[in-house]
Structures are given as C-alpha cells and as structure tokens.
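# Working through the structure, step by step
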Amino acid sequence: MTTGTAPRIAVAMKGYPRLSETFIAQELLGLQQRGLGFEIWSLRHPTDGAKHLMHHQITAPVRYLPEYLHDDPRRVARGVLGALRQPGFRKLLALFLRDFARDRTRNRLRRFGQACVMAHELPADIRHLHVHYLHTPASVIRYAALLRGLSWSFSAHAKDIWTTADWEKREKIADAAWGVTCTQDGFRELGRLSDRPDKVSLVYHGLDLARFPPPVPRSVRDGSDPADPVRFVTIGRAVAKKGFDDLLAALAQLDGELHWQLTHIGGGEMLKALQEKALTLGLGDRIVWAGPKPQDEVIAALRAADLFVLPSKQAGDGDRDGLPNVVMEAASQALPIVATDFAGIPEFVRPGVEGLLVRPGDIEGLAAALAELACSPQQRGQLGYRALARLTGSFSAAAGLDEIAARLLASSEDVA
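Summarised in this report is the structure supplied together with it. (Residues numbered from 1 in each chain as written. Predicted model: local features only at pLDDT ≥ 70, side-chain atom pairs only at ≥ 80, totals over all residues. Heavy atoms only, no water.)

### A few points about the overall build of the protein chain
Scanning the protein chain for helices and strands turns up 16 helices and 13 strands. Taking 416 residues into account, the globule formula puts the C-alpha radius of gyration at 22 Å, and the protein chain, at 22 Å, falls close to it. With respect to the three principal axes, the spread of C-alpha positions in the protein chain is 75 × 45 × 40 Å. When the 416 residues of the protein chain are sorted by exposure, 56% land in the buried category. (Helix = DSSP H or I, 4+ residues; strand = E, 2+ residues; numbered from the N terminus. Rg over C-alpha atoms; globule rule 2.2 N^0.38 Å. Buried < 20%, exposed > 50% of the residue type's maximum accessible area, 1.4 Å probe, protein only.)

### Looking at the sheet that holds strand β7 (residues 200-202)
Each strand in a sheet pairs with another by means of backbone hydrogen bonds, the pair being arranged parallel or else antiparallel. Here we have seven strands laid out as an open sheet, ordered β3-β2-β1-β4-β5-β6-β7, and parallel in their pairing. Of all the strands in the sheet, the pair left with one neighbour each is β3 (62-64) and β7. Mean inter-strand twist for the sheet, computed between neighbouring axes without regard to direction, equals 20°. Pairing between strand β6 (residues 178-181) and β7: three bridges, direction parallel. Along β7, the bridge assignment pairs Gly179 with Val200. (Pairing = 2+ DSSP bridges. Axes fitted to C-alpha atoms, helices over the stretch in contact; angles between N-to-C directions.)

### Describing the packing of aromatic side chains
Within the structure shown, the criterion is met by seven aromatic pairs. A ring pair is formed by Phe96 and Phe100, whose centres lie 5.7 Å apart and whose planes are at 20°; its orientation type is stacked. Placement of both Phe96 and Phe100 in helix α4 (residues 89-102) is noted, with a separation of four residues, approximately one turn of the helix. An angle of 50° between the planes, with centres 6.4 Å apart, marks the rings of Trp152 and Phe154 as tilted. Among the residues examined, Trp152 registers a relative accessible area of 3% and is labelled buried. (Phe/Tyr/Trp six-rings, centres within 6.5 Å; stacked < 30°, edge-to-face > 60°.)

### A closer look at the pairing of strand β11 (residues 307-310)
The alternating pattern of β11 places Leu307 and Val309 on one face and Phe308 and Leu310 on the opposite face, and all of these are buried. Two strands pair when backbone bridges link them, and strand β8 (residues 230-235) and β11 are joined in this way by two bridges, in the parallel orientation. Opposite Val233, over in β11, you have Phe308 as the bridge partner. For the handedness criterion, the β-α-β arrangement of β11, helix α13 (residues 325-332) and strand β12 (residues 337-340) is classed as right-handed. (Right-handed = clockwise from strand over helix to strand, strands pointing away.)

### Some words on the sheet that holds strand β10 (residues 287-291)
Here six strands make up an open sheet; going across it, the order is β10-β9-β8-β11-β12-β13 and the pairing parallel. Each end of this open sheet is capped by a strand with a single partner; those strands are β10 and β13 (355-358). When strand polarity is set aside, the average angle formed by the axes of neighbouring strands in this sheet is 20°. Across six bridges, the pairing between β8 and strand β9 (residues 260-265) is parallel. Within β9, the position partnered with Arg231 by the bridge is Gln261.

### Some points on the pattern of salt bridges
Per the stated rule, a full pass over the model turns up 33 salt bridges. Here Lys169 and Glu189 are joined by a salt bridge, their closest N and O atoms 3.1 Å apart. One end of the pair, Lys169, is in helix α8 (residues 166-175); the other, Glu189, is in helix α9 (residues 184-193), and 20 residues separate them in sequence. For Glu189, a relative accessible area of 13% corresponds to the buried category. A salt bridge links Arg221 to Asp228, with the shortest nitrogen-to-oxygen separation between them at 2.8 Å. Its relative accessible area of 14% is what places Arg221 among the buried residues. (Salt bridge = Lys/Arg side-chain N within 4 Å of Asp/Glu carboxyl O.)

### As for the packing of helix α6 (residues 136-148) against α8
Direction vectors running N to C along α6 and α8 enclose 40°, while the axes themselves pass 11 Å from each other. In terms of their interaxial angle, α6 and α8 are classed as oblique. Crossing of α6 over α8 shows left-handed handedness. Touching Ala138, Ser139 and Arg142 of α6 are Glu168, Glu171, Lys172 and Asp175, all from α8. A class-by-class count of the residues in the contact of α6 with α8 yields one nonpolar, one polar and five charged. (Parallel < 35°, antiparallel > 145°, perpendicular 65-115°, else oblique. Left-handed = near helix turned anticlockwise from the far one by under 90°. Contact = heavy atoms within 4.5 Å. Nonpolar A, V, L, I, M, F, W, Y, C, P; charged D, E, K, R; others polar.)

### Observations regarding unusual backbone geometry
Glycine aside, residues mostly have negative phi, and peptide bonds are mostly found in the trans state. In this structure, Pro17 follows Tyr16 across a cis peptide bond, with omega equal to -10°. By secondary structure assignment, the location of Pro17 is in the loop between β1 (9-15) and α1 (22-33). Of note, the phi angle at Tyr133 is positive, near 90°, even though the residue is not glycine. Along the chain, Tyr133 turns up in the loop between β4 (128-132) and α6.

Set out below in structure tokens:
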C-alpha cells in the first residue's frame, strides 16, 4: 500500500466518534494500518461521553460540519459563495432542485448547505470521497463531490438501506463509483436498484481478532442457584429494531425457579420506557442497565456472561439490523448466541450450530431458547466454541479491509 504523507481520501459519516459504531472505527484503524492517507468528516459532533481505544489510536484529522446551518451562518455563507464559483455548481443546483421537489424537508436544505461547506473547505489533495451510510451522509457527499468534480463511493449498512426511498437509493448508486454493503440481505436490496451488476459488492465487516483476548473457561451455572444466577448479556442501542421489548416479555415468561440476571449495555431513545416496562413486569431486580460502555468494558461483560441474546426485528419505519458486530464480539468470547432468524444474523449464526434462532417477535420461542440454554452449560459450551470457530474461520476483518483499502487507493489514483 502507499504511505503518502498528505490525505488523499475524505471519509465521511453522520457522527464521529460513536460507541455504537465499532465497525466504522475498526475500518478507519484498518485503513490507517494499511498506509492509506485520509481525513474524517463528520456531520455532527459526538454525543457519547466515552471513546473506544480504537478512537484514540486513529490519528487522522477530524473535521466537523455545522450540524445545523444556523449554528455557524458565516461558515455556511462562505461555503455557498464558494460553491457559486465551483464549476459543478449548475449541475448541483439542478440535482438539488430535483431532490428537493421529492423531499421538501429542512433536512434536505441542511445537506445542501453542509455540502457547500465541505466542498469549500476540502483540501486540494483530496481526490476521492467515501461515505458511511447511504441516506443523509451520502446526500452531503454526493453534492460535495459534484461541486468539486470528484468521484465518491459508499458503505451501506442497515437503516440507510431500509428507510431510504428507492428513487434516492437508485440515483445515488448510479452516481457513485462503487459501493459495498455488509450483509446478503442488503446486497440483494441494493443489487435490485443498481445500474450495473458489479456496482455494489458484499464485504463483511468481520472482526479484528487482535483486539479481543482469548475466551475464559465458561461457567457451569444452570440457573438452579439463586446466589449464582445464570448470566445473560445483550448489547445495543435501545431502539425498536433491537427487539428489547420482546426480550423483556420473554424473560417474564421464564419459570420462577430459574435464576437469571440480564445485563444490558447501550443507551438509546427507548431506554427509559424499557426500564419502566421491566419494573412493571417484576424484573427490575434481575436486570442491570449498564448504559453505553467503551470496548474494554463490553469485553469484560461478555467474559462474565453465560450467553448472549439479541432478538432483532423490523421496526415500524422499516429499519432493521445488518449483521450486528456485537454478535461477532460475543462469539470472540465463545458465548452461545440466542437471536432471531432475521436480517444478517443467520449469515453468521446457524441454528443449532453457533446458537439458537427464533422467528422475530416470537416471544414464547425466545423464552424457550433462553430456558434451554440457561439450564444446559454443556450445550452452551458446545455452541459457544463453534461460534468462535465460525468467527476465526470465516469472519476475520482482514480480507474486507484489504479490499476496501485497495479500492479507495485505486479511486484516488484514477483522478490523481
């Protein structure tokens, strides 16, 4: 790879850094380790109070666009005036007006303003733009690239695939040089809208196993001892697509003689409602709401647990998971996985091999799967070590990082 001293790629995302987006931090660190020069552009400032170790290891410069245009009107004015002098302004204006006719929102106006600022402030040596998420971040990058006459590419993940209108996805894919996505589910959806069969590729995030210690010996807890309950852990933002409401309902159905404790790691808009529901169901003293945690504390929680559970489902607005990184992180510690047969999860977890899968929304099935593994430490051990073998054998991050780094390098050199 190259080791040029000046950044040649701009990598953009909605917010940076974020505790919930370890897959983005892993990719940025991997690109840095492969010698790719880049800088980070974020549409908003971070809201998490902590960072992962990876965030501290990433040395690329970070630039923040004004989240709301009224936050920095002078900067926005300079960007718009600068855009008027760009050769791509007329093309951008025509594209923006077409988009705005179909999406008359303040959000669309904000993306136009952010794109003008970005195009005005991009260093001259930036030759290619790459963006995580195909919804609003890709709008900014698409507009900025058109203004500056640059190529751009995307990594699509989950919500951006399932909540963005078909017309917008289709047109963004056509304008992009190339794109990647991280599940078969998303790959099929974007392939349906692509202008070329080779425009979008499937590249799993995988896991950088060097960041994770080897698993500890698993316990023989079977839920019979109230002083040493079997330990469940779940990780994810408290949003509808994670299915935590179903998890609480399933836990309420477990036999009263089964002794268990659940630890939830993550923040999110539904957290208070979930806590209140847990109290209503009489589960309050059995659940630890740990809040958002950095990677080292997440790993510690996984090592202390007996099984990992994540009952993902489709949210009311169509949002759904991809292949959650936390599933693979659980596998790194040889934890058996109880999850739903939905989205990208069955691409990693095979029923009865690495874990147990139930239908989304099947509360009785979820309760039965939890009860089955809670009472059987031997079965948990077998599933957990198969999950670890699946991770190390087929889902290492290195191959995907090599592919993305090579593509980004080639894209920057094409216009150098």
